[in-house]
Amino acid sequence: YQNLPVADKAWYQLASWYYQKGRLYDPVRDTANRYALLSAKEICERIAAKKDSSEGWANCKNLLAGITSPEINMQTEKVNVPGQAFRTLVSWRNFTQLHFRVMKVDRNILQKITDNNQTDEDYWKKLLSLPVIKTFSRALPDTRDHQTHNAEIAIDALPIGQYALVASVGRDFGLKKNPLSVQYFHVSN
């Protein structure tokens, strides 16, 4: 009965089970479920390709979007030594190229950017409109497993000051369907 709309719910349940197993993946402790998201994706793609609008079809479309969406996160030391390169930890999923901008900031700029009465889009527009002092890109391994992976990225030495490091999946740093991440840090003795 796999062509009946009610069967799509069962397929979604199976895809969801694989998704949950895939979320248990830990690159250090337990790699057994590394490719489980691929099984979930395959099932969801098969159901989403149907000309259907059942509950299982809708759930598979949503799960597929969650599996394939790009994600980014960064962690940088709050204070870094002047004249020395430093690193930031990048966590990523579903992309292979990351673009960076470094902007000099100060207390006044940060107060204007982080106004509590603004939307997320306003925040990013203000931040991305700041003068850029350095840009660079880094290639990341193409794991093709839809899992979150981590790597340390080297940042060239900067003079004393306060900075924002912005990362973007898209080269244009656009706000539509483009994950962005920012880290504020100091370079100081």
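Now for a quick tour of the structure. (Residues numbered from 1 in each chain as written. Predicted model: local features only at pLDDT ≥ 70, side-chain atom pairs only at ≥ 80, totals over all residues. Heavy atoms only, no water.)

## What about helix α2 (residues 36-48)?
Part 1 of the argument: Relative to the 18 Å expected for 13 residues at 1.5 Å per residue, α2 spans 18 Å between its end C-alpha atoms, a close match to the ideal helical length.
Part 2 of the argument: Listing the buried residues of α2 in full gives A36, L37, A40, I43, C44, I47 and A48. What you see down the axis of α2 is that its buried residues fit within an arc of 130 degrees, all on one side.
Part 3 of the argument: Turning to α2, the residues buried within the fold contact α1 (5-23) and α3 (55-68). (Helix = DSSP H or I, 4+ residues; strand = E, 2+ residues; numbered from the N terminus. Expected span 1.5 Å × (residues − 1). Buried < 20%, exposed > 50% of the residue type's maximum accessible area, 1.4 Å probe, protein only. Arc of directions from axis to C-beta. Contact = heavy atoms within 4.5 Å.)

## Brief notes about the pairing of strand β3 (residues 86-93)
Part 1 of the argument: Of all eight residues that make up β3, six are buried, and the element is covered over most of its length.
Part 2 of the argument: Two strands pair when backbone bridges link them, and strand β1 (residues 71-76) and β3 are joined in this way by six bridges, in the antiparallel orientation. In the sheet register, T76 faces β3, and the bridge partner there is T88.
Part 3 of the argument: Across seven bridges, the pairing between β3 and strand β6 (residues 149-155) is antiparallel. Looking at β6, one finds that R87 is bridged to A154. (Pairing = 2+ DSSP bridges.)

## Digging into the nonpolar core
Part 1 of the argument: Of all hydrophobic cores here, the largest spans 20 residues; its most connected members are V90, F95, L98, F100, L158, L165 and F185.
Part 2 of the argument: For this core, the elements supplying multiple residues, two or more each, are β1, β3, β4 (97-105), β6, β7 (161-168) and β8 (180-187).
Part 3 of the argument: Look past the residues within four positions of F95 in its chain and what remains in contact with it is P70, E71, I72, L140 and V169.
Part 4 of the argument: Listed in part, the 14 residues of the second largest apolar core include L130, A164, L180 and V182. (Core = buried A, V, L, I, M, F, W, Y, C linked by side-chain atoms within 4.5 Å.)

## Considering the packing of α1 against α2
Part 1 of the argument: Interhelical geometry of α1 versus α2 gives an angle of 160 degrees and a closest axis separation of 7 Å. Comparing their axes, α2 and α1 come out roughly antiparallel. For α1 against α2, the interelement crossing comes out left-handed. Facing α1, whose interface residues are D8, W11, L14, A15, Y18, Y19, K21, G22 and R23, α2 presents A36, L37, S39, A40, I43, C44, R46 and I47.
Part 2 of the argument: Looking at side-chain class alone, the contact of α1 with α2 contains 11 nonpolar, two polar and four charged residues. (Axes fitted to C-alpha atoms, helices over the stretch in contact; angles between N-to-C directions. Parallel < 35°, antiparallel > 145°, perpendicular 65-115°, else oblique. Left-handed = near helix turned anticlockwise from the far one by under 90°. Nonpolar A, V, L, I, M, F, W, Y, C, P; charged D, E, K, R; others polar.)

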